[in-house]
Amino acid sequence: MKKTILTSAFVLLIACLIKAEELPADTAFQFNRKYIKVEEGNDRINVKVYETDESNDTIQYKQLYEGIFSDEKSYEKWTVQEAFGLDIPFLTKKKKHAMQMSSHWSGVGLGFANIADQSFNMTEVNGVSVNAGSSFEWFFNLLDGTLPLYRNNLGITTGAGMSWLNLRLDKNTHLVDADGVTGVYPAPEDIHYLLSRLMIVRINIPLLLEWQPTICGNHKAFLSAGVVAGIKTFSSYKVKYNNEDGKKVTVVEGRGLNTTPLFLDYMVQAGYDWLGVYAKYSPFSIFQSGKGPDVRAVSLGLILYFN
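All chains use their own residue numbering, which begins from 1 and follows the written sequence. It should be noted that, the model being predicted, local features are given only for residues of pLDDT at least 70 and side-chain atom pairs only at 80 or more, the latter also being counted only at that level, while totals for whole chains, interfaces and linings use all residues. Where side-chain values are given, they derive from all heavy atoms of the structure, hydrogens and water being excluded.

Side note on empty space enclosed by the protein
Rule in force here: Buried and open spaces are told apart on a 1 Å grid over the protein atoms alone, a cavity being a set of points where a 1.4 Å probe fits but cannot get out and a pocket being an open set with protein on both sides within 12 Å along at least five of seven lines. Residues with an atom within 4 Å of a point are the lining residues. Grid points are joined across faces, edges and corners, and a volume is the space filled by probe spheres set on the points. Numbered from the N terminus, helices here are DSSP runs of H or I no shorter than four residues, and strands are runs of E no shorter than two. Charged means Asp, Glu, Lys or Arg here, nonpolar means Ala, Val, Leu, Ile, Met, Phe, Trp, Tyr, Cys or Pro, and polar covers whatever is left, Gly included.
The full count for this structure, using the stated rule, is five cavities of 30 Å³ or more. When its volume is computed, the largest cavity comes out at roughly 140 Å³. If you go around the largest cavity, you meet 15 residues; those closest to its centre are Glu137, Leu165, Arg202, Asp265 and Ala297. At the level of elements, strand E8 (154-168), strand E11 (193-211), strand E14 (262-272) and strand E16 (296-305) are the ones that each hand at least two residues to the lining of the largest cavity. The class makeup of the residues in the lining of the largest cavity is eight nonpolar, three polar and four charged.

See the structure below:
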């Protein structure tokens, strides 16, 4: 319905611009419960479209579109994302009240990464040893939104974002795809790796149940838990070492390496206002079944939200 309304209004705007010379300097008219206003001055035309409420009250018009046109350039602004509850950082300024529920997903985060098995053993998992102090995950979440379920204290949060998982192997080992199966092998003789790193880039879509208790008249404290589904967009394995001449050598030893194309993480977040902590654990292996060691990704870190 909204798409039909917006399309009709946009067509009317174009018609107004084509016949702008036939209209008075300031023109306003109604069409199908829309209020369209055309103003001309200073060699430019300003067009605004509003939507009325159910009672057709002209005081409570809601602006959906604004266009300013001149011979040199034009400026257009759509504000319909606010009607859908979609928040776009840097493009949409969130308007929230003290008692309004605000989602906690869009933002930037950085955390330490590691691997684990089903028993949460993270020392050495199926022959894979990771340097946890040098392994990390960082992400940039662009979109989010919350559907309140109970009194603006409980809701479902979703959105979209991207993450980069970097795992650095320990004990001078590297990953090699041999006959379609990825395995862990020691470095060639006389080579000491300065870097032995697996990187996985993916797009993430969360589904989190978020609780925001009322404390001191606001909802700034929060706790959320749920799942994050991911689609792999890129992965590669890189090593760095010094050769016999002391020159640094960088080699990309493989791309893909049988890493699974789909991911699923359990995620927990907690924090206050724009700062939070998170923990993630994947119940599934990083590699495809039977094509690599059975290791699951875990991470723990901080998030700065765009609230």
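Here the narrative resumes, following the displayed structure.
Quick notes on unusual backbone geometry
For residues other than glycine, phi is negative in most cases, and the peptide bonds are mostly trans. Put simply, the rule reads: Remark: exposure states derive from per-residue accessible area (1.4 Å probe, protein chains only) relative to the maximum for the residue type, with buried under 20%, exposed over 50%, and partly exposed in between.
Residue Arg151 is not a glycine yet carries a positive backbone phi of 50°. Mapped onto the secondary structure, Arg151 falls in the loop between strand E7 (136-150) and E8. Looking at Arg151, the relative accessible area reads 67%, which means it is exposed. Positive phi, normally seen in glycine, also occurs at Asn172, with a value near 55°. Looking at where Asn172 falls in the secondary structure, it is placed in the loop between E8 and strand E9 (173-178).

Regarding the confidence of the model for the protein chain
This is how it is decided: pLDDT expresses how confident the predictor is about each individual residue, on a scale running from 0 to 100. Pairs of residues are marked as contacts when any of their non-hydrogen atoms sit within 4.5 Å.
Across the protein chain, the average pLDDT comes to 81, with 73% of residues at or above 70. Across residues 2-7 the pLDDT falls below 50, and counting only partners more than four positions away or on other chains, this stretch makes eight contacts in the model. Here residues 16-23 is modelled with pLDDT under 50, and outside its nearest four sequence neighbours on either side it reaches eight contacts, counting other chains as well.

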